[in-house]
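# Examination of the molecular architecture
Below are the chains, spelled out letter by letter.
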Amino acid sequence: MAMSVKNEKLNKWIREVADMCQPESVYVCNGTKEEYDLMMAKMIAGGSATPLKKRPGSYLFRSDPSDVARVEDRTYISTSSREEAGPTNNWVNPTELKETMKGLYKGCMKGRTMYVIPFSMGPIGSPISKIGVEISDSPYVVCNMHIMTRVSSRVMELLDAGEDFIPCLHSIGAPLAPGQEDVQWPCAPIESKYISHFPEENLIWSYGSGYGGNALLGKKCLALRIASAMARREGWMAEHMLILRLTNPEGKQYHIAAAFPSACGKTNLAMMRPTIQGWKCECIGDDIAWMKIGPDGRLYAINPENGFFGVAPGTSYDTNPMAMDTVRENVIFTNCALTDDGDVWWEGMTDEVPPHLIDWKGRDWTPHSREDAAHANARFTAPASQCPVICKDWENPNGVPIDIFIFGGRRNSVVPLVFEAYDWDHGVFLGATAASETTSANIGAVGNLRRDPFAMTPFCGYNMGDYFRHWLDMGDRLGKNAPRIFYVNWFRKSPEGMFLWPGFSDNSRVLKWMCERIDGRVEAQKTPIGFLPAEGDLDLAGLDISPEIMKELMRIDTDAWAAEIPDIRAHFAKFGNRLPERLAVQLEALRRRLE
Ligand code: GTP
Ligand code: SPV
Ligand code: MN
């Protein structure tokens, strides 16, 4: 099969990998529906996929309980020097890491099929798109890649014509001895998992996990870690950002890109239905933005993905109806609960909790059970084209011109609902110092506050100090065309632990204020941390929220902000002389304003 591949580099790579991993057979994917159905049929027969009677073309998978999220501790940026990877990334030198991983890869596909998956990030053939080829021994990965990327024989034709590609090697790390019965979700133990990136040679090696960002290598590995390093070299940007189009009642369009850490609201904001009269929101992307400066000097964004790998818990017709409609059919669900009538369920999906479920571990579950029925990082994989508010320009190879950048995160205190940066440098400072409580999108503690600059801590493929500088350089190049920068926090809580802001659709009120700011329609209040909405400027029409709560949402506790200064200083100190002086200047200016 591999012999029919005409691209020399690809042919050689397939042979090398097959020699090393020793699969039973090699299969080159073509991305067709038949291929998908065949693969699913095998997984149903093998017991790993459960077809859902209530959702046409949809399947439920349950992962191994140890393999439920990304593994940041086992993720490596392997550059020739440690300095190049920087203080926020795990580093092992490439020679050593490759030796270790070759040891693991040796014979790791025994008894399995090795799939060769040619895919495009971005519309096939577009000048901004990148071609990758994932080699994987997981049919679950093949089916997910069909949805999340563009897998097609047209990609193979481009490769045959000599186009270059990014090799993405993946194994679940669970060879089968002759006659050995397979388990439902084969994977390797945590200590032999490796998610490795070699940005200097555009190469990805992943071993031991079958889950999400660890295994679907087009997403975080290629489109963020490798792409961010390419983007710096080539003068563009690869960001952990949703992209949306907002249209005001007069028909004026605004394009917004927002960076929030994992499980902090990107998918929800990207397909939100505004509660404010006459405003419309359309989704272009929910997780990743690739942005280049266009001929007119503005910044244009595309979504390199083809689907959504979205957080299930908390998704409901109340909170995110567009996502609920997106997942009605042709969806892969992972680690959700199963209802008795053959549907999926998760915490927050309905007010009424089903009396009986099979939980994500495959056990009987009732409302009295102590654990959640769905895992907190349970996910749906759904085609972007199925989203009822997908923008007609979502596949436009030229992208959409970005007017507004938003940074944010989960902060139960201190940070107000919204504020605006004074200028680009201040905005980059806000991005560089963004902090958020950790979530279950990563294996590890949940709810710990950490600095997560630009929501890119787990995804930046090079030294984060250089990344800050790249942002400053992009601003210099964009000049007056640079998007305006805002910061939001939907997650401020009352002393009783309740969210103060209704969030979701009502976030449109905050976006409206941003649009009015960039149009120069409203004055703002200058504060030590940035511009805040002046009293009455946030459109709260029809919203039942007390003036006291609004005041608390907007409150700036100067002491609490002053207490952040030493922490930001320590955060910046990690970058040594890679920290741009302009950010040190911003920190000193903030300190003085808070005095
Ligand atoms: P990744 O896919 O991991 O990158 O996550 P994401 O940034 O796309 O987050 P997502 O939109 O899936 O939201 C994660 C969780 O936060 C879900 O449980 C949502 O219900 C919840 N959430 C999203 N937006 C809001 C909001 O405005 N307010 C509140 N209270 N919760 C929200
Ligand atoms: C994230 O964690 O930011 C995700 C999910 O989007 S995963 O694809 O697993 O990285
Ligand atoms: Mn994400």
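Whatever comes next refers back to the structure up there.
For the structure given in this document, a descriptive report is provided here.

So, how was this worked out
Residues numbered from 1 in each chain as written. Chains lettered and ligands numbered in written order. Predicted model: local features only at pLDDT ≥ 70, side-chain atom pairs only at ≥ 80, totals over all residues. Heavy atoms only, no water. Phe/Tyr/Trp six-rings, centres within 6.5 Å; stacked < 30°, edge-to-face > 60°. Helix = DSSP H or I, 4+ residues; strand = E, 2+ residues; numbered from the N terminus. Buried < 20%, exposed > 50% of the residue type's maximum accessible area, 1.4 Å probe, protein only. Core = buried A, V, L, I, M, F, W, Y, C linked by side-chain atoms within 4.5 Å. Contact = heavy atoms within 4.5 Å. Near = heavy atom within 4 Å. Polar contact = N/O pair within 3.5 Å; in protein donor to acceptor, adjacent residues only side chain to side chain. Areas by Shrake-Rupley, 256 points an atom, 1.4 Å probe, with all protein chains shown as cover. Nonpolar A, V, L, I, M, F, W, Y, C, P; charged D, E, K, R; others polar. Domains from an automatic or database assignment. Axes fitted to C-alpha atoms, helices over the stretch in contact; angles between N-to-C directions. Left-handed = near helix turned anticlockwise from the far one by under 90°.

## With respect to the packing of aromatic side chains
We describe a pair of aromatic rings using the distance from one ring centre to the other and the angle between the two ring planes. For the structure shown, the criterion picks out 33 aromatic pairs. Here Phe 260 and Trp 490 contribute two aromatic rings whose centre-to-centre distance is 6.4 Å and whose plane-to-plane angle is 85°, an arrangement assigned as edge-to-face. Of this pair, Phe 260 sits in the loop between strand S13 (253-259) and helix H9 (266-270) while Trp 490 sits in the loop between strand S29 (484-488) and helix H13 (507-518), and the two are 230 residues apart along the sequence. Since its relative accessible area comes to 1%, Phe 260 is described here as buried.

## Points about unusual backbone geometry
If you check the backbone angles, Ala 455 has positive phi at about 55° while not being a glycine. Relative to the elements of secondary structure, Ala 455 occurs in the loop between strand S28 (449-451) and helix H12 (464-478). In this structure, Phe 504 takes a positive phi of about 50° despite not being glycine. Along the chain, the position of Phe 504 falls in the loop between S29 and H13. Phe 504 sits in the partly exposed class, given a relative accessible area of 33%.

## Let's talk about the nonpolar core
Formed by 169 residues in total, the largest nonpolar core has its most connected members in Trp 290, Phe 333, Phe 405, Phe 468, Trp 471 and Met 514. Of the residues forming this core, the biggest block, 9 residues, is contributed by helix H8 (residues 218-234). Discounting chain neighbours no more than four positions away, the residues touching Met 514 are Ile 404, Ile 406, Val 418, Phe 486 and Val 488.

## Digging into the site of ligand 2
In the vicinity of ligand 2, the residues found are Arg 70, Gly 212, Gly 213, Lys 219, Lys 220, His 240, Ser 262, Asp 287, Phe 309, Arg 379, Ala 441 and Phe 459. Asp 287 is positioned with one of its side-chain polar atoms (N or O) 3.4 Å from an oxygen atom of ligand 2. Taken by itself ligand 2 offers 290 Å² of open surface, and the protein chains cover 98% of this. Secondary-structure elements contributing two or more residues to the shell around ligand 2 are helix H7 (212-215) and H8. Classifying every residue of the shell around ligand 2 by side-chain character gives 3 nonpolar, 4 polar and 5 charged. Structurally, the shell around ligand 2 is a two-domain feature, drawing no fewer than three residues from each of domain 1 (8-30 + 70-234) and domain 2 (238-303 + 394-594).

## Some words on helix H5 (residues 139-148)
Of all 10 residues in H5, 9 are buried, a share of seventy percent or more. Those residues of H5 that sit buried are Tyr 140, Val 141, Val 142, Cys 143, Asn 144, Met 145, His 146, Ile 147 and Met 148. Measuring from the backbone nitrogen of Tyr 140 back to the side-chain oxygen at the start of H5 gives 3.3 Å, which picks out Ser 138 as the cap.

## Regarding the site of ligand 1
In the neighbourhood of ligand 1, 22 residues make up the surrounding shell, with Ala 263, Lys 266, Thr 267, Asn 268 and Arg 379 lying closest. At a separation of 3.3 Å, an oxygen atom of ligand 1 approaches a polar backbone atom of Cys 264. The contact in question runs from an oxygen atom of ligand 1 to an N or O atom on the backbone of Phe 504, over 3.0 Å. The protein chains hide 92% of the 660 Å² of surface that ligand 1 would expose on its own. Every element with two or more residues in the shell around ligand 1 is listed here: H9 and strand S17 (307-311). Considering every element that reaches the shell around ligand 1, the biggest residue donor is H9, with 3 residues. Class assignment of the residues belonging to the shell around ligand 1 gives a composition of 10 nonpolar, 8 polar and 4 charged.

## Observations concerning the packing of helix H2 (residues 33-45) against H5
Contact geometry for H2 and H5: axes closest at 10 Å, N-to-C directions at 145°. For the element pair H2 and H5, the recorded crossing hand is left-handed. Contacts between H2 and H5 involve Glu 35, Tyr 36, Met 39, Met 40 and Met 43 on the former and, on the latter, Pro 139, Tyr 140, Val 142, Cys 143, His 146 and Ile 147. Residue composition of the contact of H2 with H5, grouped by class: 9 nonpolar, 1 polar and 1 charged.

These values are about where atoms sit, not about what they do.
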